[in-house]
Amino acid sequence: RGAMSALTARVRHVTARVPEVLAIADPFNGFSRGLPATPFLPALFAACGLPCYCHGLLEAGPKYGITLHQVLELAGKPVNLTVQQAAERLEDGDAGWSYLDQASYIPELHQLVGLRDTMVKRTCISTLEVVLKPVSGTARTHMMTGFVHKAYPPVYAMLARQAGFDSAMIIRGVEGGSIPSLSQVSRYFGAYGDGEVKLHRLSPAEIGIHQDERAVLVPGDLQQLSESAGYGQTHVLLPLVENTVAPFSLEEMEDEH
């Protein structure tokens, strides 16, 4: 809680002129075993009427996986917005979503990325940074993130309350992200205000998803590069990420919106 207070005090914060906002954060060190679907979620939520943003980093250890920043940058979307610009996109009825990089909303923390790489091991910062709240709604603000280890949901719920979120969805997702397994029953924990944390079931079969793999696998050539990547080297992954096939594009989703 003390470390969280120190970080929160340094966050550049803006309240967007919309009643509700959803903030999504996946692990900032990215994904190495499956292709992340999270970059598409903010546009999807915006199309459903809920302004949404995701936040993260270009790259981070110890995984150096595919990050939301990398995917959105290759999709031609702005990834270096100020907090004010990101809030304005949430207010824009033709957009309704945005991405915020850590370098924009808490540069003091971003300056430690290289140091954290040298330390190798994950610090408490890896947990805390996904709960920071640079943009709020005028009425309510919600958080969505993922976890791996069973001890994390009550910790994330406590941190979400401390950060000022009105609710939190904490999902047992693939590689610790917010996308649950597509091949087996998973779960998420809902935290609402100061109330209890409630467990909910997530079954892909109940919504017609039948898949052998828990996520769309990273192509073999990209997998090899990802495994050999390090801090300052993940730019070599981008051309391969750009050539992977996606079932739909952000442009198509925005056209539908």
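The structure displayed is predicted, hence computed values, not measured ones.

Student: What is the right way to look at the overall build of the protein in this model?
Tutor: Along the protein, the regular secondary structure elements total twelve helices and nine strands. With 257 residues in all, the protein has 48% of them scored as buried. Counting only contacts in the protein whose residues sit at least 6 apart along the sequence, the fraction spanning at least 24 positions is 71%.

Student: Even after reading the chapter, I still don't get the environment of A60, so can you show me in this structure?
Tutor: Among the structural elements, A60 can be located in the loop between β3 (52-56) and α3 (68-74). Distance in space between the C-alpha atoms of A60 and G30 is 7.5 Å, their sequence separation being 30 residues. Apart from residues lying up to four places away in sequence, A60 is in contact with F28 and N29.

Student: Any chance you could explain the side chain of E129 here in plain terms?
Tutor: Tracing the backbone shows E129 in the loop between α8 (125-128) and β5 (135-136). Accessibility expressed as a relative area gives 2% for E129, which makes it buried. Beyond its immediate stretch of four places on either side in the chain, E129 contacts F28, H55, Q102, Y105, L109 and R116.

Student: Would you mind going over helix α9 (residues 152-163) with me for this structure?
Tutor: What sets the pattern is the α-helix's 3.6 residues per turn: residues three or four places apart point alike. When the terminal C-alpha atoms of α9 are compared, their 16 Å separation across twelve residues agrees well with the 16 Å that a helix rising 1.5 Å per residue should span. P153, Y156, A157, L159, A160 and A163 are the residues of α9 that are buried. Where the residues of α9 are buried, they touch α1 (2-8), α8, β6 (140-147), β7 (167-172), β8 (186-192) and β9 (197-202).

Student: I would appreciate a short explanation of the nonpolar core in the present structure.
Tutor: Side chains of a nonpolar character, in soluble globular proteins, are inclined to be buried together. The biggest cluster of nonpolar side chains holds 41 residues, and the ones touching the most others in it are Y105, V131, L132 and V135. With five residues, α9 is the single largest residue contributor to this core. Setting aside anything within four residues of it in sequence, one finds L132 in contact with M4, L7, T8, V11, H55, Y105, I106, L109 and F165. Counting residues in each nonpolar core, the second largest holds 15 residues, with L22, L41, C52 and C54 among its members.

Analysis parameters
- Residues numbered from 1 in each chain as written.
- Predicted model: local features only at pLDDT ≥ 70, side-chain atom pairs only at ≥ 80, totals over all residues.
- Heavy atoms only, no water.
- Helix = DSSP H or I, 4+ residues; strand = E, 2+ residues; numbered from the N terminus.
- Buried < 20%, exposed > 50% of the residue type's maximum accessible area, 1.4 Å probe, protein only.
- Contact = heavy atoms within 4.5 Å.
- Expected span 1.5 Å × (residues − 1).
- Core = buried A, V, L, I, M, F, W, Y, C linked by side-chain atoms within 4.5 Å.

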